[in-house]
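Descriptive analysis of the structure
What follows is the residue order along each chain.
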Amino acid sequence: MGDPTRIRASMQGDKVLVRILMTHEMESGQRKDADGKLVPAHFIREVSARHNGRPVLSAQWGPAVSKNPFLQFTFAGGKPGDKIQVSWVDSKGDTRSDETTIS
Amino acid sequence: MLKLGGAATLASMASALRPRATAAQGWNQAAFSGKSLDEIVKALGGSGYAPTKAVSWGATPDIAENGAAVQVSVSSALPRTQSIAIVIEKNPGPLAAQFEVPPGTDPAVVTRFKMAQTSNVHAVVKADGKYFVSTREIRVTFGGCG
């Protein structure tokens, strides 16, 4: 399941600025634990952001995206009160979906 | 899950058999296993690429003190930009992220990446069906591939 994604969506003139902070280890598969064993990779692979159900950004990620990923983008056509939904799928098949409204 | 040697071999076999299209087919294993910019562009669906000056790097730093979180900001001024990929040349897996930008969304993204060491970072932009690359060096004073 994972922990909640924090999403902020606010009007910037006639566009919507979306700022997303996900909660995920984004384990690279390169790191060794205290016993010198390689920690297996575990990272978000696919991200999708939707505005009232319509995709406004989709992404594929590798393990190089930082822990607790941050993502920012801007789109046109939104207005205050509209729904922004952000979902992800990680390399173990875990998923998370959260939403907010445009302020 | 991602044993690099095996995955790379499998992926190169798979990509030799049939080049993959990019969109809506799930995670692009071949592209994320690619070791060079050429391999990655090919796996993303491009047959080649041209340098471009129509990409701006916003507040992306020249020098990053913490390689664990380097904030990269890329914005494309190329007409009909469809996707933006970030390739960090000297990372163990150079393709870091790929973003599909539908019409109505600004062709600009900001994300934070891990960088193992000082490296060239490429923004690979697909615009009007063609691929373009803008490159910038980011110096890392403390690596972050942990």
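Residues numbered from 1 in each chain as written. Chains lettered and ligands numbered in written order. Predicted model: local features only at pLDDT ≥ 70, side-chain atom pairs only at ≥ 80, totals over all residues.

**A word on the overall build of chain B**
The criterion, for reference: Only runs of H or I of at least four residues qualify as helices and only runs of E of at least two qualify as strands under DSSP, and these elements are numbered from the N terminus. Burial in this document is a count-based property: other C-beta atoms within 10 Å of a residue's C-beta are tallied, and the residue is buried at 20 or more, exposed at 12 or fewer, or partly exposed in between, with C-beta positions derived from the backbone.
Scanning chain B from N- to C-terminus turns up three helices and nine strands. Scanning chain B from its N terminus toward the C terminus, one meets helices and strands in the order α-α-α-β-β-β-β-β-β-β-β-β. When burial is assessed residue by residue, chain B has 42% of its 146 residues classed as buried.

**As for the environment of valine 65 of chain A**
Let me state the cut-off plainly: In this description, a residue-residue contact is defined by the distance between C-beta atoms placed from the backbone, which must lie within 7 Å.
Mapped onto the elements, valine 65 of chain A comes out in the loop between strand S4 (54–61) and strand S5 (70–76). Residues valine 65 of chain A and serine 28 of chain A, 37 residues apart in the sequence, show an inter-C-alpha distance of 8.7 Å. Residues within four places of valine 65 of chain A in sequence aside, it is in contact with Met26, Phe43 and Ile44 of chain A together with Ala96, Ala97, Thr111 and Phe113 of chain B.

**Regarding the interface of chain B and chain A**
The line we're drawing: Gly falls in the polar group here, along with every residue not listed as nonpolar (Ala, Val, Leu, Ile, Met, Phe, Trp, Tyr, Cys, Pro) or charged (Asp, Glu, Lys, Arg). For two strands to pair, DSSP has to find at least two bridges joining them.
Between chain B and chain A, the residue contacts involve 31 residues of the former and 30 residues of the latter. Put simply, the parts of the chain that give the side of chain B that touches chain A at least two residues each are strand S6 (95–100) and strand S7 (108–113) of chain B. Looking at the side of chain B that touches chain A residue by residue, the class counts come to 19 nonpolar, eight polar and four charged. Across two bridges, S5 of chain A lies against S7 of chain B in antiparallel orientation. Note on S7 of chain B: the bridge partner recorded for glutamine 72 of chain A is valine 110 of chain B.

**Quick notes on the nonpolar core**
Just so we agree on the cut-off: Here a nonpolar core is just a set of buried residues of the types Ala, Val, Leu, Ile, Met, Phe, Trp, Tyr and Cys, joined wherever their C-beta atoms sit within 7 Å.
Residues Val65 of chain A together with Ile86, Ala96, Phe113 and Val124 of chain B are the most contacted members of the largest nonpolar core, which totals 59 residues. Excluding residues within four positions of it along the chain, alanine 96 of chain B makes contact with Gly62, Ala64 and Val65 of chain A together with Ile86, Val87, Ile88, Asn91 and Phe113 of chain B.

**Some thoughts on helix H3 (residues 37–44) of chain B**
Among the residues making up H3 of chain B, those that are buried are Ile40, Val41, Lys42, Ala43 and Leu44 of chain B. Two residues or fewer past H3 of chain B, glycine 45 of chain B is found with a positive phi of approximately 115°.

**Observations concerning the confidence of the model for chain B**
All names here are of chain B. Put simply, the test is: Along the chain, pLDDT gives the predictor's confidence residue by residue, from 0 to 100.
Of all residues in chain B, 80% attain a pLDDT of 70 or more, and the chain-wide mean is 87. Segment residues 1–24: pLDDT under 50, and 28 contacts once partners within four positions in sequence are set aside and those in other chains are kept. The ipTM, which scores confidence in the relative placement of chains, is 0.96 for this predicted complex, and the corresponding pTM is 0.88.

**Let's talk about the sheet that holds S5 of chain A**
Spatial ordering of the open sheet is given by S1(A)-S2(A)-S5(A)-S7(B)-S4(B)-S2(B), a layout of six strands whose pairing is antiparallel. What marks the edges here is a single partner per strand, and that holds for strand S1 (6–12) of chain A together with strand S2 (55–56) of chain B.

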